[in-house]
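Breakdown of the fold
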Amino acid sequence: MPMHSGFHHSGRHFLQIPGPTNVPDRVLRAIDQPTIDHRGPEFARLGREVLDGMQQVFRTRHPVIIYPASGTGAWEAALVNTLSPGDRVLMYETGHFATLWQRMAGRLGLDVEFLPGDWRRGADPAQIEARLAEDRQHAVKAVCVVHNETSTGAVTRVSEIRDAIDRVAHPALLMADTISSLASIDYRMDEWGVDVTVGGSQKGLMLPPGLSFNAVSDKALRAAKSARLPRSYWNWEEMLAANATGFFPYTPATNLLYGLREALHMLEEEGLDQVFARHARLAEATRRAVRGWGLEVLCVNPVEYSNSLTAILLPEGQDADRVRGVVLDRFDMSLGTGLGKLQGKVFRVGHLGHFNELTLAGTLCGVEMGLSLAGVPIRRQGVQAALDFLSSEQQWTAHEAAVLLSA
Ligand SMILES: Cc1ncc(COP(=O)(O)O)c(C=O)c1O
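Before going into details, it helps to say that this report is about the structure given with it. Please read these numbers as outputs of a predicted model, since none were measured by experiment.

Quick notes on the rules
- Each chain has its residues counted from 1, running along the sequence as written.
- It should be noted that, the model being predicted, local features are given only for residues of pLDDT at least 70 and side-chain atom pairs only at 80 or more, the latter also being counted only at that level, while totals for whole chains, interfaces and linings use all residues.
- For the side-chain quantities, the full set of heavy atoms in the structure was used; hydrogens and water were omitted.
- Between 30 and 60 degrees the pair is tilted, below 30 it is stacked and above 60 it is edge-to-face, where a pair is any two Phe, Tyr or Trp rings, Trp via its six-membered ring, whose centres lie within 6.5 Å.
- Here a strand is any run of E in DSSP of at least two residues, a helix any run of H or I of at least four, and the numbering for each starts at the N terminus.
- Here the term buried applies to any residue with accessible area under 20% of the maximum for its type, exposed to any over 50%, and partly exposed to those in between, with areas from a 1.4 Å probe on protein chains only.
- When DSSP finds two or more bridges between two strands, those strands count as paired.
- We call a residue near a given molecule or strand whenever any one of its heavy atoms falls within 4 Å of it.
- Nitrogen and oxygen atoms within 3.5 Å of one another constitute a polar contact, given that in protein one can donate a hydrogen and the other can accept it, and given that sequence-neighbouring residues count only through two side-chain atoms.
- Shrake-Rupley sampling with a 1.4 Å probe provides the accessible areas, and residues are treated as covered by the protein chains on show and by no other component.
- Three classes are used, and their members are as follows: Ala, Val, Leu, Ile, Met, Phe, Trp, Tyr, Cys and Pro are nonpolar, Asp, Glu, Lys and Arg are charged, and the others, Gly among them, are polar.
- Helix axes are fitted only over the stretch in contact, all axes being lines through C-alpha atoms; the angle between N-to-C directions runs from 0 to 180 degrees.
- Roughly parallel covers angles under 35 degrees, roughly antiparallel covers those over 145, roughly perpendicular covers 65 to 115, and oblique covers all other angles.
- By convention the crossing between two helices is left-handed if the near helix lies anticlockwise of the far one by an angle smaller than a right angle, and right-handed if it lies clockwise.
- Here a residue-residue contact requires only that any non-hydrogen atoms of the pair lie within 4.5 Å.
- By this rule, a helix spans an expected 1.5 Å times one less than how many residues it contains.
- We define the nonpolar core as a collection of buried residues of types Ala, Val, Leu, Ile, Met, Phe, Trp, Tyr and Cys that are connected through side-chain atoms lying within 4.5 Å of one another.

1. Examining the packing of aromatic side chains
The full count for this structure, using the stated rule, is 7 aromatic pairs. Judged by centre distance (5.8 Å) and plane angle (5°), the rings of Trp-75 and Trp-101 are stacked. Residue Trp-75 is found in helix 3 (residues 71–82), and its partner Trp-101 is found in helix 4 (residues 96–107); the two are separated by 26 residues along the sequence. Using a relative accessible area of 4% as the deciding quantity, one classes Trp-75 as buried.

2. With respect to the pairing of strand 8 (residues 173–177)
Burial analysis of strand 8 places 5 of its 5 residues in the buried class, which makes it a mostly covered element. Burial along strand 8 is two-sided: the residues Leu-173, Met-175 and Asp-177 and Leu-174 and Ala-176 are all buried. In this sheet, strand 8 lies alongside strand 5 (residues 140–146) in parallel orientation, the contact comprising 5 bridges. Of the residues in strand 8, the one forming a bridge with Val-145 is Ala-176. Bridging between strand 8 and strand 9 (residues 196–200) involves 3 bridges; their strand directions are parallel.

3. With respect to the sheet that holds strand 14 (residues 346–350)
The strand order across the open sheet formed by 3 strands is 11-12-14, and the pairing between neighbours is antiparallel. Since the sheet does not close on itself, it has two edges, and those belong to strand 11 (296–297) and strand 14, each with one partner. Bridging between strand 11 and strand 12 (residues 309–313) involves 2 bridges; their strand directions are antiparallel. Pairing of Glu-296 across the sheet is with Leu-313, part of strand 12.

4. Comments concerning the environment of Asp-166
Structurally, Asp-166 is set in helix 6 (residues 158–167). With 27 residues separating them along the chain, Asp-166 and Gly-193 place their C-alpha atoms 9.9 Å apart.

5. Side note on the site of the ligand
All residues in the neighbourhood of the ligand are listed as Ser-70, Gly-71, Thr-72, Trp-75, Phe-97, Val-146, Asn-148, Thr-150, Asp-177, Ile-179, Gln-202 and Lys-203. Taking Gly-71, its main chain carries an N or O atom lying 2.8 Å from an oxygen atom of the ligand. Here Asp-177 contributes a side-chain N or O atom positioned 2.6 Å from a nitrogen atom of the ligand. For the ligand, the protein covers 86% of the area, taking 390 Å² as the surface of the free molecule. For the shell around the ligand, the leading source of residues is helix 3, giving 3 residues. For the shell around the ligand, the per-class residue count stands at 4 nonpolar, 6 polar and 2 charged.

6. Examining unusual backbone geometry
The general pattern is negative phi for most residues beyond glycine and trans for most peptide bonds. At the junction of Gly-19 and Pro-20, the peptide bond is cis and its omega measures out at 0° in the coordinates. Here Pro-20 is to be found in the loop between strand 1 (14–16) and helix 1 (25–31). Within the chain, Arg-59 stands out as a residue other than glycine whose phi angle is a positive 55°. Summarising the element assignment, Arg-59 is placed in the loop between helix 2 (41–58) and strand 2 (64–67). Unlike most non-glycine residues, Ala-169 shows phi in positive territory, near 50°. Of note, Ala-169 is situated in the loop between helix 6 and strand 8.

7. Here we look at the packing of helix 2 against helix 9 (residues 254–270)
With their axes 10 Å apart at the nearest point, helix 2 and helix 9 run at an angle of 45° to one another. Considering the angle they form, helix 2 stands oblique to helix 9. The hand of the helix 2/helix 9 crossing is left-handed. Contacts between helix 2 and helix 9 involve Phe-43, Leu-46, Glu-49, Val-50, Gly-53, Met-54 and Val-57 on the former and, on the latter, Thr-254, Leu-257, Tyr-258, Leu-260, Arg-261, Leu-264, His-265 and Leu-267.

8. Details of the sheet that holds strand 10 (residues 212–216)
Ordered by their spatial adjacency, 7 strands build an open sheet running 2-10-9-8-5-3-4, and the pairing between neighbours is mixed. The open sheet is flanked by strand 2 and strand 4 (111–115), the only strands paired with a single partner. Within the sheet, the average angular offset between the axes of one strand and its neighbour, ignoring direction, is 20°. In this sheet, strand 5 lies alongside strand 3 (residues 88–92) in parallel orientation, the contact comprising 4 bridges. Within strand 5, the position partnered with Arg-88 by the bridge is Val-140. Here helix 6 sits on the sheet and contacts strand 5 and strand 8; the angle it forms with strand 8, its principal contact strand, is near 165°.

9. Overview of helix 4
For helix 4, which comprises 12 residues, the first-to-last C-alpha distance of 17 Å matches the rise-based estimate of 16 Å (1.5 Å per residue) to within 8%. Inspection of helix 4 places His-96, Ala-98, Trp-101, Met-104 and Ala-105 among the buried residues, and these make up the whole buried set.

10. Observations concerning the nonpolar core
Counting residues in each nonpolar core, the largest one holds 84 residues, and the members touching the most others are Met-54, Trp-101, Ile-128, Val-143, Met-175, Leu-205 and Leu-260. With 8 residues, the top contributor of residues to this core is helix 9. Once residues lying within four places of it in the same chain are set aside, the contact partners of Leu-205 are Met-54, Val-57, Leu-182, Ala-183, Gly-200, Phe-213, Leu-260, Ala-263 and Leu-267. Ranked by size, the runner-up nonpolar core spans 32 residues in total, among them Ala-289, Cys-299, Ile-312 and Val-349.

Take a look at the structure:
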């Protein structure tokens, strides 16, 4: 008699949610090493190596802080280190994650102004500029945006938000959440003048969940000196003091740091620009598939299309969660659910991290079959459209992808 009667799917599960993403075997093997003394010399070398490596990924020469926490912890760290009770922060409703960050800011005692959005595009630089232009007293202390809104697949043009802030010479800090864009969509912390960047391990970095990051500018560090929100676990000062020699003020997630070191090697071997170009190519193929099916990409602004995920809008009356259920039962593939007010209306395809042409082809085949089986009226031309694009000469280079994003 078998001890358990669970149904077994043969072959690899397709984890095509927009994070956590598939963890490469190389990273899994790296994690699978004996845990070492986190106060010994071997750990110090590991600590410095991953802290330095993360600066390359954020494209910053400023310090990066690594927390043994999910992304939500790094959101909190960004706010409590820089702000004081009652400070005004300007946020933009790009979708579910912007809404959660906004709710957290309110709970922490900040005075949040939440510019409304329709969950189909990135944060609007013109609206932010207009709001800051009115704020002659400089009551707004920080502008917080989500670079890649994981619930909608729309990117905020962070460099344009910087330009908007500068045009009205407003002194607010700029904070960006790159949890689902880091190491998959072009992001340049220093060039774009971002003061705090929030990141997470479980998406473009190809690691399991459990690590999150703050990258902090000089201006953010100065703000931290006078900020009065209570902070202890998240305190940058103690972290930075210990990090100087490669250590942490409390027990770090040692084995995840082995994984991070390996993931950084993989990103370096491929080259960050090539990583971005690969994501741009696979995302474009996905969007061609969506149009081939006769369905709609949720994001309505082509210069804000996400290269790490695509949210697909179903026709009125169709249940996106039923499609996801069919795909999971029949083809052992997990797709992202519609979050918040998008529940049942969209499903999301993650195409980020450890991912290539053939994994995309398998993913799209599963989606096309699942849509048909669930009775959604589609043209069965999506997979073909994607394959035609992927096998054509007309593939995007990193340069073209960057031009598109900055257009
Ligand atoms: C853009 C974004 N911000 C924040 C979070 C929250 O991160 P976590 O679930 O790791 O706490 C997520 C999670 O998916 C996210 O996609």
